[in-house]
Amino acid sequence: MIFDSLKNCAEYYGISPRIKQAFELFAQVDWTQAEPGKQELDGKNIVANVQVRGLKTKEEAKLEVHDKYIDIQIHIAGADEAFGWADRSTLKQPKEAFNAEKDIQFFDDEPQTYVTLRPGQFTILMPEDAHAPLVGEGEIRKVILKVLK
């Protein structure tokens with residue numbers, strides 16, 4: 001898991017050619033005005049999901065994992081957002097079977113740690129990163145870039 005400010009996003013282009021492309025496509029849009037919902041930026045290779053949502057308690061936010069996609073979650077505006085994190089290999093309590101169509105599985109395990117994301121910051125979450133997003137109080141506007149690995 002990587003947490004950083006958008007001004008440093010070029011530092012992570014080497015992870016994957018699609019990560020570089022995702023940040024470049026992200027920079028071309030005014031996300032403060034974008035309608036909530038999903039939009040393909042490069043077919044199914046890079047998909048943006050604009051969310052305007054209320055935040056949850058730690059108990060409500062469940063750890064999730066993905067197999068096919070890397071998440072780049074970018075905080076646009078609103079309240080601070082905490083992320084629970086755990087090493088996927090340590091998870092023992094699946095809430096349900098892996099949903100291959102939606103590329104997601106939820107777990108009832110407790111996060112190992114929490115970190116806070118503020119406007120202008122992002123996190124890159126690899127398939128080995130279990131994460132519980134949207135923890136906090138208030139409302140948030142964020143963009144989740146789903147990047148095919």
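Above this note sits the structure.
Remember, it's a predicted structure, so these values are computed and weren't measured experimentally.

A. Representation of the layout of surface pockets within the structure. Its volume calculated, the largest pocket comes out at about 710 Å³. Around the largest pocket, the lining comprises 26 residues; the ones closest to its centre are Lys38, Asn49, Lys102, Ile104 and Lys146. Contributions of two or more residues to the lining of the largest pocket are made by β2 (37-42), β3 (46-54), β5 (69-78), β10 (129-135) and β11 (139-148). For the lining of the largest pocket, the element with the highest residue contribution is β3, accounting for four residues.

B. Spatial organisation of the side chain of Gln51. Of note, Gln51 is situated in strand β3. Setting aside chain neighbours within four positions, we find Gln51 in contact with Leu134, Ile140, Arg141, Lys142 and Ile144.

C. Fine view of the environment of Glu137. Within the secondary structure, Glu137 sits in the loop between β10 and β11. When its relative accessible area of 72% is taken as the criterion, Glu137 is described as exposed. Beyond its immediate stretch of four places on either side in the chain, Glu137 contacts Leu55 and Ala79.

D. The arrangement of the packing of aromatic side chains in detail. What the rule picks out here adds up to five aromatic pairs. Summarising the aromatic geometry, the rings of Phe3 and Phe83 are spaced 5.8 Å apart at their centres and angled 80° between planes, so their arrangement reads as edge-to-face. Of this pair, Phe3 sits in strand β1 (residues 2-5) while Phe83 sits in strand β6 (residues 81-87), placing them 80 residues apart in sequence. Judged by relative accessible area, Phe83 falls into the buried class, the value being 0%. Seen in terms of ring centroids, Phe23 and Phe122 are 5.1 Å apart; in terms of plane orientation they differ by 70°. Their pairing is edge-to-face. Residue Phe23 is found in helix α1 (residues 17-26), and its partner Phe122 is found in strand β9 (residues 121-125); the two are separated by 99 residues along the sequence. For the pair formed by Phe23 and Phe122, the shared burial category is buried. Taken together through their ring pairs, the aromatic side chains of Tyr12, Tyr13, Phe23 and Phe122 make up a single cluster. It is Lys58 that lies over the ring of Tyr114; its NZ or CZ is 4.2 Å from the centre.

Reading guide: rules and limits
Residues numbered from 1 in each chain as written. Predicted model: local features only at pLDDT ≥ 70, side-chain atom pairs only at ≥ 80, totals over all residues. Heavy atoms only, no water. 1 Å grid on protein atoms, 1.4 Å probe; cavity = no way out; pocket = protein on both sides within 12 Å on 5 of 7 lines; lining within 4 Å. Points joined across faces, edges and corners; volume = space filled by probe spheres on them. Helix = DSSP H or I, 4+ residues; strand = E, 2+ residues; numbered from the N terminus. Contact = heavy atoms within 4.5 Å. Buried < 20%, exposed > 50% of the residue type's maximum accessible area, 1.4 Å probe, protein only. Phe/Tyr/Trp six-rings, centres within 6.5 Å; stacked < 30°, edge-to-face > 60°. Lys NZ or Arg CZ within 6 Å of the ring centre and 35° of its normal.

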